[in-house]
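# Structural overview for review
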Amino acid sequence: MLIIVGFLIVILSVLGGYVGAHGKLGALWQPYELVIIGGAALGAFLVGTPLKTVKQTLQATVGVFKGPRYKQQDYIDVLSLLYELLNKARREGFMALEDHVERPADSAIFANYPKVQADHHLVDFMTDCLRLMIGSNIEPHELEPLLEMELEKHHAEAMQPSAVLNKVSDGLPGFGIVAAVLGIVITMGSIGGEITEVGAHVAGALVGTFLGILLAYGFVSPLAAAVEARAEQDSRIYESVKTALLACLRGYNPKIALEFARKTLPSNVRPGFSEFEQHLKTVK
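Residues numbered from 1 in each chain as written. Predicted model: local features only at pLDDT ≥ 70, side-chain atom pairs only at ≥ 80, totals over all residues. Heavy atoms only, no water.

### Details of the overall build of the protein chain
Basically, it comes down to this: The secondary structure listing takes helices from DSSP runs of H or I that are at least 4 residues long and strands from runs of E that are at least 2 residues long, numbered from the N terminus. Here the globule rule is a power law, 2.2 Å times the number of residues to the power 0.38, and the radius of gyration is based on C-alpha atoms. Here the term buried applies to any residue with accessible area under 20% of the maximum for its type, exposed to any over 50%, and partly exposed to those in between, with areas from a 1.4 Å probe on protein chains only. Contacts are assigned to residue pairs that have any heavy atoms within 4.5 Å of one another. Under the convention used here, a 1.4 Å probe and the Shrake-Rupley method define accessible areas, while residue burial counts only the protein chains that appear. By the counting scheme adopted, Arg and Lys are positive, Glu and Asp are negative, and His together with the chain ends is not counted. Charge coordinates come from a single atom per side chain, which is NZ of Lys, CZ of Arg, CG of Asp or CD of Glu.
Along its length, the protein chain carries 13 helices and 0 strands. The N-to-C order of helical and strand elements in the protein chain reads α-α-α-α-α-α-α-α-α-α-α-α-α. A compact globule built from 284 residues would reach a C-alpha radius of gyration of about 19 Å, whereas the protein chain, at 27 Å, exceeds it by more than 25%. Each principal axis of the C-alpha atoms in the protein chain carries an extent, and together these give about 90 × 35 × 30 Å. Taking all 284 residues of the protein chain together, the buried fraction comes to 39%. Partitioning the intrachain contacts of the protein chain with sequence separation of at least 6 by distance along the chain shows that 75% fall at a separation of at least 24. As displayed, the protein chain has an accessible area near 15,600 Å², and 63% of this comes from carbon and sulfur atoms. Taken together, the 24 basic and 29 acidic charged side chains of the protein chain have centroids lying 6 Å from each other.

Right, here's the structure in full:
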């Protein structure tokens, strides 16, 4: 909602200021300039972007209008799932988690948290780490760089849509100039005609430059920033999983390990200490 409000403010401010200065809105209606700028930007985007990233960018762009992927309850569910798994490992040994880790889709523990179970990337990250803890005598200082490497890879992939949108934003003013130059070419063809006709063509050419700059700095660049911010926020859940599992591997009991993980969460979604402790009493 905040993004839509921001875009409306951009539009109203620009058009309101223009009309207030006695500008005519009809002069800004240049659909073919939009075809040139938008079509060229779209074509350049498709040429320079792998298909996987194109799909990821479209999903990320739609996603920012829906808000953060993970709400407070999702973080609580992930921490509760980890608590169940680590509690079981503490009571019965890590080998007791083997079936749950190898087949999370059939796991009774994972089934208690269907939304987490459906998040394949998060489940894979969690189970890959637990698999190492089950199948080897890996030390915390050995596991941590592996998890950091995995998180860096995930972060780099999550940042690709914002990087692509920033490149599109950088190119839009240039395409606005292309549209303006084409408008001047048309103007040159009308030299010698009615002065009003020549003036209209010049105005149309200038609108091309205006649209390129406005689209770049008023819409696409802020959208890229919003996509980046959402990706940063969505990555926090992986950091909390990493923190909990490393704390457990260092010998802390599950409740303390989960407290380490809770501390990594952003303040706006972090459950309170007492609230979370009471919740863990209801978890098996």
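Picking up after the structure, the text goes on.
### Points about the packing of aromatic side chains
Any two aromatic rings considered together are summarised by their centre-to-centre distance and by the angle between their planes. Defined as follows: Aromatic contacts are taken between Phe, Tyr and Trp rings whose centres are within 6.5 Å, Trp giving its six-membered ring; a plane angle under 30 degrees counts as stacked, one over 60 as edge-to-face, and the others as tilted.
Inspection of every chain in the model, using the stated rule, returns 4 aromatic pairs. Their ring planes at 40° and their centres at 5.0 Å tell us that Phe7 and Phe219 sit as a pair that is tilted. Taken as a pair, Phe7 in helix H1 (residues 2-20) and Phe219 in helix H10 (residues 195-234) lie far apart in primary sequence, 212 residues in all. For Phe219, a relative accessible area of 18% puts it in the buried group.

### Here we look at the packing of helix H4 (residues 72-92) against helix H12 (residues 254-263)
Our working rule: Only the stretch in contact is used when a helix axis is fitted, and all axes are lines through C-alpha atoms; the angle between N-to-C directions ranges over 0 to 180 degrees. Roughly parallel means an angle under 35 degrees; roughly antiparallel means over 145; roughly perpendicular covers 65 to 115; every other angle is labelled oblique. By convention the crossing between two helices is left-handed if the near helix lies anticlockwise of the far one by an angle smaller than a right angle, and right-handed if it lies clockwise.
Packing of H4 against H12 brings their axes to within 9 Å, and their N-to-C directions diverge by 150°. By the angle between their axes, H4 is roughly antiparallel relative to H12. As for how H4 packs across H12, the hand of that crossing is right-handed. Contacts between H4 and H12 involve Leu79, Leu82, Tyr83, Leu86, Asn87 and Arg90 from the former and Pro254, Lys255, Leu258, Ala261 and Arg262 from the latter.

### Let's talk about a nonpolar patch on the surface
Put simply, the rule reads: Each patch is assembled from residues with relative accessible area greater than 30% and no salt bridge, linking like charges that lie within 9 Å and nonpolar side chains (Val, Leu, Ile, Met, Phe, Trp, Tyr) that lie within 5 Å. The term salt bridge refers to a side-chain nitrogen of Lys or Arg lying within 4 Å of a carboxyl oxygen of Asp or Glu.
Together, Met1, Ile4, Val5, Leu8, Ile9, Ile11, Leu12, Leu15, Val19, Leu25 and Phe65 make up an exposed nonpolar region whose accessible area comes to about 1,000 Å². In this structure, Leu15 sits in helix H1.

### Structural notes on the pattern of salt bridges
Counted according to the given criterion, the structure contains 12 salt bridges. Residue Glu92 pairs with Lys88 through a salt bridge whose shortest N-O separation is 3.3 Å. Remark: Lys88 and Glu92 occur in helix H4; sequence separation between them is 4 residues, near one turn of the helix. Since its relative accessible area comes to 47%, Glu92 is described here as partly exposed. Since its relative accessible area comes to 17%, Lys88 is described here as buried. Close ionic contact of Lys263 with Glu259 constitutes a salt bridge, the shortest N to O distance being 4.0 Å.

All quantities given are derived from atomic positions and should not be read as evidence of function.
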